[in-house]
Amino acid sequence: MVPPSSGATLRICTMTSFALLSLLPLVYLTGLVRATRAYNSSSGAVSNSSDVVFFEVPLDYHNVSAGRGQLALAKVNATGERRGTLFLNPGGPGNSGIAQLGVSSDLLVSLTGGFYDIVSWDPRGIGALTVPGEIFCFDSVEEYDSFWNGTVELTGIEEEGNFTDPADIDALLAQAPIMQAKYDELAQRCLRHPSGKYLKYVGSAAAARDLVALADALDGPGSPINFAGVSYGTVIGSWLVNMFPERVGRVLLDGVVDTPLLATEETPIIWARHELADSDKVYEAFLTGCALAGPESCLIATGSNQTAADIDAVVQTLIVEAHDAARKNASVPVTSASIRQALQEVITVPSQSANFANTTWPQLVAEVQAESGESSTDRGVLYRRARRGHTAQQNPTRSYSDMAILCGDSVDLRGTNMSKVFKEVISASHNPSKMFSSVWPALYYSCPFWPVRAVERYQGPFNKTLASKVMVVSNTFDPATPVSGAQHVAFLLGESATLVRQNAFGHTSIAAPSQCLNALMFAYFTNNTLPENNQTICEVDQDFELFPGVNTEAILAVMST
């Protein structure tokens, strides 16, 4: 075990009422006081609609003089005989655990047999109530837009398809010194901002220690820690089980980040060469589904009996048209970059496939075909909306919490410049991802320029012998966390982990329903039962359709021929 520093005292602040998420008495906690704020899980803003509790933690577990912070958390009670607490982190990084609890609590209660209280929290750097809270570097939308005006941060990267046009390469590399200067200046802005003093205290090692402190408080000192981590939440989970192997209870890692890579490689390489490895395969699944659906159910299709290659040709034609229009007029409403970004969102959540093909796609076509786009949504506004994600009422600009957490967890600065990052983007467009390597901004590309690393990072070993086996889950094709990451993490844990593959595409097993996988999770959480080896494959439910009449099994059958 990696011991936390002693001397930290923890207290909880309870709300006066519990409209949405009920909380049992927290008998292991001391110093109870009243608070008067409540938390709106949908916006991150203070409101009167639902309640949270606060849990006090040291900013630095190895240096108590650094000061104290607080975590905002909420709990759904066990419905059966209570066996302990299951903690949930939905990943991101930067997603609100409290918001996710409101969405996922019924499913989690069902998968765990009702034997566990389900607790989630907004980790450091997330939300309006946790301290350190949301990380900002700008004070207004106007300031943000002015700072990035004329750069690919707002426009995206224009290219026809794996940079076959040398002019696209020249245009991107010409932006390198401009973007280098901008990211260097961004680093200083972030440090100067009021939230800058907290940058070194957000990160997954601190989150893992916070989780241990929460488990001690809720279930008793030294109790087994039960945890479900999704997407980047698997970084917290992987670090947790290796930092505190004797504390491992039921731990589920779903959509697994390759944490040994995170400990050794720079993030642009991780993203471009590894995390995007299966993204074009998921795109192929989308194209295949559209071809099977035909023009009646997928408006991208232009005829019956088409193939995925036929559908891709239609998509690429629009990308080229948008690209050429943007080269002639930088203010056109839809660009090749915005089309790629929209498609990337679809392959992340394939249940959006039919809606994209039949609603968004015709709009994109109409915009590209318009002569000037004067009556259309300004492209800069479109990009700002897509990038900002979650924000808090106190600041409507882009939150940099995701960057602070990922980059705080990443390796030390190695002198990588923007030109090298852009060349990595160009190289990755040939392999592994023609479609999505050039989507910009992309979080993983930013860390060589982030000014701070967390005061504590876990960088291995990742092969500890655990007190209990963990369940590692991956889709066959995941566009952001490929199955190779899950295989690597499970391999290093050896007999302490079991890998289960869901024969699906999309990001994490949540992308598609599977009664088979649900049954395995139920057996694990209720009886600590896991398959005997790492060869188990769960199929997606037959009635889950990506397009009308087209399910996952039909798409995979065509892709395998």
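Reading the values: the criteria
- Residues numbered from 1 in each chain as written.
- Predicted model: local features only at pLDDT ≥ 70, side-chain atom pairs only at ≥ 80, totals over all residues.
- Heavy atoms only, no water.
- Core = buried A, V, L, I, M, F, W, Y, C linked by side-chain atoms within 4.5 Å.
- Buried < 20%, exposed > 50% of the residue type's maximum accessible area, 1.4 Å probe, protein only.
- Helix = DSSP H or I, 4+ residues; strand = E, 2+ residues; numbered from the N terminus.
- Contact = heavy atoms within 4.5 Å.
- Disulfide = S-S within 2.5 Å.
- Phe/Tyr/Trp six-rings, centres within 6.5 Å; stacked < 30°, edge-to-face > 60°.
- Lys NZ or Arg CZ within 6 Å of the ring centre and 35° of its normal.
- Salt bridge = Lys/Arg side-chain N within 4 Å of Asp/Glu carboxyl O.
- Pairing = 2+ DSSP bridges.
- pLDDT = per-residue confidence, 0-100.
- Axes fitted to C-alpha atoms, helices over the stretch in contact; angles between N-to-C directions.
- Parallel < 35°, antiparallel > 145°, perpendicular 65-115°, else oblique.
- Nonpolar A, V, L, I, M, F, W, Y, C, P; charged D, E, K, R; others polar.
- Expected span 1.5 Å × (residues − 1).

Visitor: Could you clarify how one ought to interpret the nonpolar core in this entry?
Guide: Taken as a class, soluble globular proteins show a tendency for nonpolar side chains to be buried jointly. In terms of nonpolar packing, the biggest core is built from 165 residues, with Trp148, Ile300, Tyr400, Trp440, Val470, Met471 and Phe547 touching the most fellow members. When residues of this core are assigned to their parent elements, the largest contribution, ten residues, is made by helix 6 (residues 204-219). The contact partners of tryptophan 148, leaving out residues within four places of it in the chain, are Phe138, Glu153, Leu154, Met179, Lys182, Tyr183, Leu186 and Tyr400.

Visitor: Just to check I follow, could you spell out the state of the cysteines for this structure?
Guide: Each disulfide consists of one covalent bond between the sulfur atoms belonging to two cysteines. One pass over the full model with this rule turns up four disulfides. A sulfur-sulfur distance of 2.0 Å marks the disulfide that ties cysteine 290 to cysteine 298. Its S-S torsion of approximately -90° makes the covalent link between cysteine 290 and cysteine 298 left-handed. Here the two residues cysteine 290 and cysteine 298 agree in accessibility, since each one is buried. With its sulfur 2.2 Å from that of its partner, cysteine 407 forms a disulfide with cysteine 447. The sign of the -85° torsion about the S-S bond sets the cysteine 407-cysteine 447 disulfide as left-handed. A residue pair is termed long-range when its members are at least 10 positions apart, and cysteine 407 in helix 15 (residues 401-409) and cysteine 447 in the loop between helix 16 (418-428) and strand 11 (470-477) qualify at 40 residues. Neither residue differs from the other here; cysteine 407 and cysteine 447 are each classed as buried. By sequence order of its bonded cysteines, the chain has the disulfide arrangement 1-2, 3-4, 5-6, 7-8.

Visitor: Got a minute to help me understand the packing of aromatic side chains in this structure?
Guide: Geometry of an aromatic ring pair is reported as the spacing of the ring centres plus the angle between the planes. Tallied over the entire structure, the rule returns 17 aromatic pairs. Here phenylalanine 138 and tyrosine 144 contribute two aromatic rings whose centre-to-centre distance is 5.3 Å and whose plane-to-plane angle is 85°, an arrangement assigned as edge-to-face. The pair formed by phenylalanine 138 and tyrosine 144 is uniform in burial state, with each residue classed as buried. The lysine or arginine in question, lysine 182, covers the ring of phenylalanine 147, its NZ or CZ lying 4.4 Å from the ring centre. Across the ring face of tyrosine 400, the terminal group of arginine 398 is positioned such that the distance to the ring centre comes to 4.4 Å.

Visitor: Please explain the pattern of salt bridges as it appears in this structure.
Guide: Oppositely charged side chains can form a pair if their charged atoms are brought close together. If you walk through the whole model with that rule in mind, you get 14 salt bridges. Glutamate 56 is the partner of arginine 68 in a salt bridge, and the nearest nitrogen-oxygen pair spans 2.5 Å. Remark: glutamate 56 occurs in strand 5 (residues 53-58) and arginine 68 occurs in strand 6 (residues 68-76); sequence separation between them is twelve residues. Its relative accessible area of 15% is what places glutamate 56 among the buried residues. Among the salt bridges present, the one from aspartate 168 reaches arginine 327, with a minimum N-O distance of 3.0 Å. Taken as a pair, aspartate 168 in helix 4 (residues 166-174) and arginine 327 in helix 11 (residues 308-328) lie far apart in primary sequence, 159 residues in all. With a relative accessible area of 1%, aspartate 168 lands in the buried category. A network of salt bridges, in which partner residues are shared, links Lys75, Arg82, Asp117 and Asp219.

Visitor: Please clarify how the pairing of strand 13 (residues 536-539) should be interpreted in this entry.
Guide: Sheet faces and side chains relate simply in a regular strand, where the side chains alternate between the two faces. Pairing analysis gives four bridges linking strand 12 (residues 497-505) to strand 13, with the strands arranged parallel. The residue bridging glutamine 502 from the neighbouring strand is cysteine 538, located in strand 13.

Visitor: Got a minute to help me understand the confidence of the model for the chain in this structure?
Guide: Regions with low pLDDT carry predicted coordinates that are not meant to be interpreted in detail. Within the chain, residue pLDDT values average 89, and 87% of them lie at 70 or more. In this model residues 5-50 is a low-confidence stretch, pLDDT under 50, and it forms 117 contacts with partners more than four residues away in sequence or in other chains. Throughout residues 371-393 the model reports pLDDT below 50, and contacts reaching past four residues in sequence, or to other chains, amount to 53 contacts.

Visitor: Would you take a moment to explain the packing of helix 10 (residues 279-293) against helix 11 for this structure?
Guide: Two elements in contact, helix 10 and helix 11, have axes separated by 8 Å at closest approach and are oriented at 105°. Comparing the axis directions of helix 10 and helix 11 gives the class roughly perpendicular. Where helix 10 abuts helix 11, its residues Tyr283, Glu284, Leu287, Thr288, Cys290 and Ala291 lie against Ala308, Ile311, Asp312, Val315 and Gln316. The residue inventory of the contact of helix 10 with helix 11, partitioned by class, reads seven nonpolar, two polar and two charged.

Visitor: Help me understand helix 18 (residues 515-527) in this model?
Guide: Residues lying three or four places apart along an α-helix face the same way, a consequence of the helix completing one turn every 3.6 residues. The end-to-end C-alpha separation of helix 18 is 17 Å, in line with the 18 Å expected for 13 residues at 1.5 Å each. Within helix 18, burial applies to Leu517, Leu520, Met521, Ala523, Tyr524, Phe525 and Thr526. Positive phi appears at asparagine 528, one or two residues downstream of helix 18, with a value of about 60°.

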